[in-house]
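# Inside the fold
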Amino acid sequence: MVRDFDDNEFPLAYLISFRTYGTWLHGDNRGSTSRKQNKYGTPRIAPNLRLQRAELKQLQHPPIKLDSRQRPVVEQAVREVCTNRGYWLRAINVRTNHVHTVVSAAIKPEPILQAFQAYATRKLRRAGLLPEDVKPWTRHGSTPYLWKERHVERAIDYVVNGQGDELPRFDD
């Protein structure tokens, strides 16, 4: 019998991404996502210089860019979370202003994202690479569900090879 639906409770993997604080504000030329309508595939907020300037004024400290000493610490923190909690880290790419991962786990993605950010913050502070009063991450991140093997493969390819390219679609 061939089934035309997937009744798994959890997807094969998640594409978990999160940005550093202040590096992609509402109104940015790249577009941005509304906090109220932050669902995969929803239209972005159009570029708006006035909105971007207003957002910039609200920052509590300058935007955070990860340097060559900080990026490996963040990567190690993500790997540690996965090892300690039994998640399968399929791909990771830590950039100056964001982190992309492809992770398989039998839980919702939000606790994974929160653990990545918390571990990374703690490791950066313990290494003396982040002051105590600096918030390094945005409030949330992106957590598309990858239900099909081809979606997992696309996500891994994007994380490893596609930085700067448009994020692939995962709804086919």
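Our structure's up above, just so we're on the same page.
Bear in mind the structure is a predicted one, so any value in this text is a computation, not a measurement.

What follows deals with helix 3 (residues 109-126). Helix length check: helix 3, at 18 residues, gives a terminal C-alpha distance of 26 Å against a target of 26 Å (1.5 Å per residue), a fit within 8%. Those residues of helix 3 that fall on the buried side of the exposure criterion are Pro109, Ile112, Leu113, Ala115, Phe116, Gln117, Tyr119, Ala120, Thr121 and Leu124. Considering only its buried residues, helix 3 is in contact with strand 1 (13-19), helix 2 (70-85), strand 3 (98-104) and strand 4 (145-146). Positive phi appears at Gly128, one or two residues downstream of helix 3, with a value of about 75 degrees.

Next up on the list: the nonpolar core. By size, the foremost hydrophobic cluster in this structure holds 31 residues, and its most contacted members are Val74, Tyr87, Ile112, Phe116, Leu124 and Trp137. When residues of this core are traced back to their parent elements, those giving at least two are strand 1, helix 2, strand 2 (88-94), strand 3 and helix 3. Element by element, the count of residues in this core is highest for helix 3, at 7 residues. Ignoring any residue separated from it by four or fewer positions in sequence, one finds Tyr87 in contact with Val81, Cys82, Val103, Ser104, Ala105, Ile107 and Ile112. Counting 9 residues, the second-largest nonpolar core is a separate cluster that includes Leu15, Val102, Leu146 and Val152.

On the secondary structure map, Thr20 appears in the loop between strand 1 and helix 1 (49-58). In this structure Thr20 comes out as buried when scored by relative accessible area, which is 0%. Ignoring sequence-local partners within four residues, the contact set of Thr20 consists of Ile64, Leu66, Thr96, Asn97, His98, Pro136, Trp137 and Thr138.

Taken across its 7 residues, strand 1 has 7 buried, putting it largely inside the fold. Of the two faces of strand 1, both are covered, the one formed by Ala13, Leu15, Ser17 and Arg19 as well as the one formed by Tyr14, Ile16 and Phe18. Sheet analysis places strand 1 next to strand 4, joined by 2 bridges and oriented antiparallel. Bridged to Tyr14 within strand 4 is Tyr145. When strand 1 meets strand 3, the two strands line up antiparallel, connected through 6 bridges. Bridging from a neighbouring strand, Phe18 pairs with Val99 of strand 3.

Turning our eyes to something else, we now look at the environment of Leu15. Of note, Leu15 is situated in strand 1. Take Leu15: its relative accessible area is 1%, and that puts it in the buried class. C-alpha of Leu15 to C-alpha of Thr143: the two residues are 128 residues apart in sequence and 5.5 Å apart in space.

About the cut-offs
- Residues numbered from 1 in each chain as written.
- Predicted model: local features only at pLDDT ≥ 70, side-chain atom pairs only at ≥ 80, totals over all residues.
- Heavy atoms only, no water.
- Helix = DSSP H or I, 4+ residues; strand = E, 2+ residues; numbered from the N terminus.
- Expected span 1.5 Å × (residues − 1).
- Buried < 20%, exposed > 50% of the residue type's maximum accessible area, 1.4 Å probe, protein only.
- Contact = heavy atoms within 4.5 Å.
- Core = buried A, V, L, I, M, F, W, Y, C linked by side-chain atoms within 4.5 Å.
- Pairing = 2+ DSSP bridges.

By themselves, these observations are geometric and do not establish any function.
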